[in-house]
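These are the residues of each chain, in order.
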Amino acid sequence: MCEDANAIPPTGGFKEVGEATNRNIQQNPYGPNPADFLSNVSNFELIESTLREGEQFANAFFTTEKKIEIAKALDDFGVDYIELTSPVASEQSRKDCEAICKLGLKAKILTHIRCHMDDARVAVETGVDGVDVVIGTSQFLRQYSHGKDMNYIAQSAVEVIEFVKSKGIEIRFSSEDSFRSDIVDLLNIYRTVDKIGVNRVGIADTVGCANPRQVYDLVRTLKSVVSCDIECHFHNDTGCAIANAYTALEGGAKLIDVSVLGIGERNGITPLGGLMARMIAADRDYVLSKYKLHKLRDLENLVAEAVQVNIPFNNPITGFCAFTHKAGIHAKAILANPSTYEILNPSDFGLTRYIHFANRLTGWNAIKSRVDQLNLHLTDDQCKEVTTKIKKLGDVRALNIDDVDSIIKNFHQDVSSPVIMPSGGTKFEDFDFLDGDLSNKRQHI
Ligand SMILES: CC(=O)SCCNC(=O)CCNC(=O)[C@H](O)C(C)(C)COP(=O)(O)OP(=O)(O)OC[C@H]1O[C@@H](n2cnc3c(N)ncnc32)[C@H](O)[C@@H]1OP(=O)(O)O
Ligand SMILES: O=C(O)CCC(=O)C(=O)O
Ligand SMILES: [Zn+2]
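Residues numbered from 1 in each chain as written. Chains lettered and ligands numbered in written order. Predicted model: local features only at pLDDT ≥ 70, side-chain atom pairs only at ≥ 80, totals over all residues. Heavy atoms only, no water.

Trainee: In this structure, what is going on with the coordination of the zinc ion (ligand 3)? I would like to understand it.
Mentor: Six octahedral donors around a metal ideally make angles of 90 or 180 degrees; four tetrahedral donors ideally make 109.5 degrees. Each protein donor to the zinc ion (ligand 3) is listed here as Glu53 (OE), His233 (NE2) and His235 (NE2); together their distances run 2.0 to 2.1 Å. We note that the donor set of the zinc ion (ligand 3) lies within a single chain, spaced as E-x179-H-x1-H. With Glu53 in the loop between strand E3 (45–48) and helix H1 (64–77) and His235 in the loop between strand E9 (229–234) and helix H8 (241–251), the pair connects residues that are 182 residues apart, well separated along the chain. Grouping residues by exposure puts Glu53 and His235 together as buried. (Donors = N, O, S within 2.8 Å, 3.2 Å for Na, K, Ca; no water. Helix = DSSP H or I, 4+ residues; strand = E, 2+ residues; numbered from the N terminus. Buried < 20%, exposed > 50% of the residue type's maximum accessible area, 1.4 Å probe, protein only.)

In structure tokens:
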């Protein structure tokens with residue numbers, strides 16, 4: 001049976017291509033597409049917004065101490081930027097921003113403000129490394145939020161950007177609700193702010209309406225009119241936040257906004273963990289060189305506890321069954337080579353895989369590996385026979401690991417010292433020992 005995930009060759013499961021030389025070239029089919037010549041899939045950065053967008057999550061209330069703990073954990077994980085709530089949101093928000101700036105973290109600290117000089121004046125005094133400025137450009141927001149036209153937006157953007165730049169700190173300009181904004185308006189405003197030396201421009205899918213093709217097209221178009229970096233922010237209302245982030249990088253965006261578990265307004269934004277899952281499939285070396293992935297689970301637990309939610313069962317990487325294999329066909333192949341049914345290697349995240357064999361979908365290969373683990377000796381035919389018994393009980397009720405182990409041990413005992421019945425047959429005590437809870441049904445391999 002397979003030892004652990006470290007036994008998988010790093011390129012396990014990938015196609016070998018290239019016959020021109022004697023060497024076979026290993027190519028990752030899930031990596032950057034050479035046709036995306038502007039792609040930043042292997043060169044992306046993270047703007048971590050748990051302490052800004054995440055604070056807008058319905059359940060979030062972060063004390064100063066909790067913010068500091070989260071900021072330190074994010075920094076330790078290796079995020080490039082940490083974005084904080086606007087210092088004009090409240091007195092405590094400003095003080096917290098100043099306190100986090102004083103921590104001396106490796107990550108650059110940003111604060112997020114409206115496109116207004118009143119906010120900018122406060123922001124630059126907090127000690128941040130950069131300011132993220134945003135203003136709505138869609139008809140909806142222009143009419144119902146701030147009520148300003150594109151000329152006014154351009155003027156105030158230039159004023160705020162020049163002011164922040166004069167303080168020697170980074171400045172990003174973003175249009176809110178970009179995907180429901182007029183493309184000509186968007187390109188004009190981005191061209192204007194790029195000309196005056198903004199560090200980054202941002203695209204925001206504020207309502208989560210965009211799909212990956214729209215994202216790719218907008219990023220590619222924007223890339224052709226600005227020379228600065230492009231940052232993207234995706235809400236997850238229609239379930240595209242991770243896919244949109246990936247496609248944005250393919251199109252040439254450089255920075256992606258994320259939050260731990262995706263917490264944010266409504267159902268949130270691109271989750272840090274989910275994006276890590278996507279990116280490690282694309283470029284494992286790059287991701288491992290930058291981010292301490294084995295800290296992900298603790299980081300998610302920290303934030304989940306702070307905002308009083310559970311880690312979703314189907315969360316990428318850290319969902320309780322993210323590396324659990326159940327059906328017999330899967331289990332057999334996984335035991336032979338985990339790459340058969342895993343695109344991610346759990347050991348990259350400090351995690352382990354499991355075979356769930358205590359159920360009626362199990363197969364004799366999984367049971368045989370359990371027999372081996374129990375240090376018992378049964379022939380293949382005997383393993384098949386005991387598997388039939390396990391499946392039979394599995395048809396009656398949910399099983400746990402003790403159920404299966406008891407069936408195996410009894411079977412083993414009987415075949416080792418058979419009870420001779422009057423008819424000359426062999427009797428097995430089948431299921432009379434079965435009891436216990438239904439937890440712990442998994443076999444760790
Ligand atoms: C999509 C996003 O997530 S953007 C980030 C959202 N973040 C926040 O809202 C931070 C927390 N917010 C707050 O604490 C408050 O909303 C504050 C302090 C920013 C403003 O509070 P108030 O002055 O009481 O205004 P209120 O919240 O009711 O309305 C927002 C105001 O900002 C204006 N505004 C909204 N967006 C922008 C913008 N991008 N640039 C400039 N002004 C804006 C609105 O016109 C409105 O102004 P009004 O006073 O003329 O009505
Ligand atoms: O500043 C940004 O780019 C995004 C702001 C935001 O949270 C949003 O538009 O959803
Ligand atoms: Zn948002």
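Trainee: Is there a simple way to explain the site of ligand 1 in this structure?
Mentor: The local shell around ligand 1 holds 13 residues, among which Gln56, Arg114, Cys115, Val134 and Glu176 are the closest. In this structure, Cys115 approaches ligand 1 through a main-chain N or O atom, which is 3.1 Å from a nitrogen atom. Taking Ser145, its main chain carries an N or O atom lying 3.2 Å from an oxygen atom of ligand 1. Burial of ligand 1 by the protein amounts to 51% of the accessible area it has alone, namely 990 Å². Broken down by secondary-structure element, the contributors of at least two residues to the shell around ligand 1 are strand E5 (108–114) and strand E6 (130–136). Residue composition of the shell around ligand 1, grouped by class: five nonpolar, five polar and three charged. (Near = heavy atom within 4 Å. Polar contact = N/O pair within 3.5 Å; in protein donor to acceptor, adjacent residues only side chain to side chain. Areas by Shrake-Rupley, 256 points an atom, 1.4 Å probe, with all protein chains shown as cover. Nonpolar A, V, L, I, M, F, W, Y, C, P; charged D, E, K, R; others polar.)

Trainee: In this structure, what is going on with the site of ligand 2? I would like to understand it.
Mentor: Every residue close to ligand 2 is listed here: Arg52, Glu53, His112, Val134, Arg172, Ser174, Glu176, Ala204, Thr206, His233 and His235. Here an oxygen atom of ligand 2 and a side-chain polar atom of Thr206 are 2.6 Å apart. Within the side chain of His233, a nitrogen or oxygen atom sits 3.0 Å from an oxygen atom of ligand 2. Burial of ligand 2 by the surrounding chains reaches 94%, relative to a free accessible area of 290 Å². Residue classes in the shell around ligand 2 are distributed as two nonpolar, five polar and four charged.

On their own, these measurements won't tell you what the molecule is for.
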